[in-house]
Amino acid sequence: MPRPASRGNVDPFIVMQVMSAAAEREAAGGDVLHLEVGQPSTPAPKGVLDAARAALDTDKIGYTLALGMPALRERISAHYRDWYGVDVPIERIAVTTGSSSGFTLAFLSAFEHGARVALASPGYPAYRNILKALGVEVVDLLTEAADRFQPTVARLDKAGPLDGVIVASPSNPTGTMLGEDGMTAITEWCRSNDVRMISDEIYHGINFGQRSVSALESDPNALVINSFSKYFSMTGWRIGWMVVPPDLIGPVERLASNFFISAPTLSQFAATAAFDCIEEAQENVARYARNREILLNDLPAAGLDDLAPADGAFYIYANVAKYTNDSVEFCRRILAETGIACTPGIDFDPSRGHASIRFSFAGSSDDMAEACKRLKAWL
Ligand SMILES: Cc1ncc(COP(=O)(O)O)c(C=O)c1O
C-alpha cells in the first residue's frame, strides 16, 4: 500500500475549523459575529468589476505569459513609483495566483532543501507550513510586545546561520509594523550577512498612522510579495504579485510556467483597474480605522487589556493568559456561549499561542461594538 508523502504532514489551519464551527452554528439558526475571517467583508471595487465584465465580453480569456500580462505588470511598476518612489522594471515583476503562490515560487527558487529561514512568531502560519513542506528549517524568532512583535537585528544575531529572513509589515496576526529604521536595519543585516530578504507586503495601504515601508526602499534586491486580496478587497480573485531580484527572475519564470502556466486571466484584467480604485479602497481603510478604535477602546473595558499595538492590517492580537492556557478551547467556548467567532493564537505561534487569540476587524462597525458588549458580559 503506497504511503502519503511526509511533505503533506503540516499543521492544519485552525481558523478553518473555527469557520466551519461558525457555519454549523449558523446552519442551526444561531447568529455569529465573524471576527475570525482574515478577509474584507466588501466586494472588489466597482472599477475592478467593470474591467472584469468588459474582459468577459471582449477577450477569449486564454493563458497569459507565465509572468503575467504586460499591462498589469506596467501598472504594478507604476504603483512602486507612486507609493514608494522606487523604480521597479517590469522584467522583475511576476503576477501570481494570490500571494500564496508567490510564497511557493519564492521559497522554491531561493532556498535549498535543508536551508534555515527565520521568521517572527507569532506570524502567518502558511510561511512555516510551506517551508516545512519544502524541507526548509523554520527558525522561530520569539518576538515580544517590546519589539512590536517584529524581527530585530539582535534576535537575528542570535538565530545561528541563516539562508533567509521573512518579514511581514503590517503583520498578521498582530498588525504591528516595521518603521523605516526597523526595515532598513533588517535589510542591511541581510545584505551584510548574505541572507535572502523576503518581505510580505500584503497589508500595505491598510495602516492607521505611519505609512507602510517597502523593503525595496532600502534594498532593491529584496524579494517582495504582495496581493490584491486585502487592500483591494479581492481575496477570491486569487491574484497577487512578486518583485523578484534579478538572479531569481529566470528560476521564478521557469517554476511558474511549470507549476501554474499563468495566473487567472480574468483576474489579471480586473486587477489592472485596481490602482484606479484607490478612493474606494480608502473608504474600506476608514471603516477598518473606526473598527480598530472600537476594539482598542472596548476590549480593555471588557477585560482584555493586553493587546498588540496594531498599526495596520485588520487584526487585534490579545493576550488571554489571565483567563486560559488553552486558546482553542477558549475560542470554542466564546463561539458556543456568545456567538463570536475568533481565532486561537496557536495558529500563529505554536509555542506560545495557547494564551492568545486574534480578532479580525474587517467586518462591520456594528459587529465590533456588539462583540465587545457580549465579551464584557461573558468575561
Ligand atoms: C500575512 C498574509 N500573507 C498572505 C496571505 C495570503 O493571501 P492571498 O493568497 O490571498 O494573497 C494572507 C492571508 O490571510 C496573510 O494574512
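Residues numbered from 1 in each chain as written. Predicted model: local features only at pLDDT ≥ 70, side-chain atom pairs only at ≥ 80, totals over all residues. Heavy atoms only, no water.

**So, unusual backbone geometry**
Phase 1: Backbone torsion omega between serine 121 and proline 122 reads 5 degrees, so that peptide bond is classified as cis.
Phase 2: Here proline 122 lies in the loop between β3 (116–121) and α5 (125–133).
Phase 3: In the segment running from serine 169 into proline 170, the intervening peptide bond is cis, with an omega of -5 degrees.
Phase 4: For proline 170, the position within the fold is in the loop between β5 (164–168) and α7 (180–193).
Phase 5: In the Ramachandran plot, aspartate 194 falls in the positive-phi region, its phi being about 60 degrees despite a non-glycine side chain. (Helix = DSSP H or I, 4+ residues; strand = E, 2+ residues; numbered from the N terminus.)

**A look at the domain arrangement of the protein chain**
Phase 1: Taken domain by domain, the protein chain holds domain 1 (6–43 + 279–378) and domain 2 (46–277).
Phase 2: When each unit is reduced to the centre of its C-alpha atoms, the spacing between domain 1 and domain 2 is 25 Å.
Phase 3: Each partner contributes residues to the interface: domain 1 has 37 residues there, and domain 2 has 36 residues.
Phase 4: Summing the contributions of domain 1 and of domain 2, the shared interface buries around 3,000 Å²; its carbon and sulfur component is 56%.
Phase 5: On the domain 1 side of the contact with domain 2, Asp311, Phe348 and Arg352 bury the most area, a combined 21% of that side's loss.
Phase 6: Here domain 1 is connected to domain 2 by two salt bridges.
Phase 7: The interface formed by domain 1 and domain 2 includes 22 residue pairs in polar contact (both at pLDDT 80 or more).
Phase 8: If you list the elements that add at least two residues to the side of domain 1 that touches domain 2, you get α10 (278–302) and β9 (315–319).
Phase 9: Looking at the side of domain 1 that touches domain 2, the element that brings in the most residues is α10, giving nine residues. (Domains from an automatic or database assignment. Contact = heavy atoms within 4.5 Å. Buried area = accessible area lost by both parts, 1.4 Å probe. Salt bridge = Lys/Arg side-chain N within 4 Å of Asp/Glu carboxyl O. Polar contact = N/O pair within 3.5 Å; in protein donor to acceptor, adjacent residues only side chain to side chain.)

**Some details on the pattern of salt bridges**
Phase 1: Counted under the stated rule, the structure contains 22 salt bridges.
Phase 2: The residue aspartate 140 makes a salt bridge to arginine 128 at a minimum N-O spacing of 2.5 Å. In this pair, aspartate 140 sits in strand β4 (residues 137–142) while arginine 128 sits in helix α5, placing the two residues 12 residues apart along the sequence.
Phase 3: Take aspartate 140: its relative accessible area is 33%, and that puts it in the partly exposed class.
Phase 4: One salt bridge connects arginine 155 with aspartate 147, and the closest N-O pair in it is separated by 2.8 Å.
Phase 5: Among the charged side chains, a network of salt bridges with common partners joins Arg25, Asp31, Glu370, Lys373 and Arg374. (Buried < 20%, exposed > 50% of the residue type's maximum accessible area, 1.4 Å probe, protein only.)

**Structural notes on the packing of helix α4 (residues 98–110) against α5**
Phase 1: Packing of α4 against α5 brings their axes to within 10 Å, and their N-to-C directions diverge by 40 degrees. When the axis of α4 is compared with that of α5, the two are oblique. As for the relative orientation of α4 and α5, their crossing is right-handed in sense. Contact residues: α4 offers Ser100, Phe103, Thr104 and Phe107, while α5 offers Tyr127, Ile130 and Leu131.
Phase 2: Of the residues that constitute the contact of α4 with α5, the class distribution is five nonpolar, two polar and no charged. (Axes fitted to C-alpha atoms, helices over the stretch in contact; angles between N-to-C directions. Parallel < 35°, antiparallel > 145°, perpendicular 65-115°, else oblique. Left-handed = near helix turned anticlockwise from the far one by under 90°. Nonpolar A, V, L, I, M, F, W, Y, C, P; charged D, E, K, R; others polar.)

**Some points on the packing of helix α3 (residues 70–84) against helix α9 (residues 265–272)**
Phase 1: Two numbers describe how α3 lies on α9: the axes approach to 9 Å, and their chain directions differ by 40 degrees. Compared by their axis directions, α3 and α9 come out oblique. With respect to the hand of their crossing, α3 and α9 are arranged in left-handed fashion. Counting all contacts with α3, which are made through Ala71, Leu72 and Arg75, the residues of α9 involved are Gln268, Ala271 and Thr272.
Phase 2: Its residues placed into classes, the contact of α3 with α9 shows three nonpolar, two polar and one charged.

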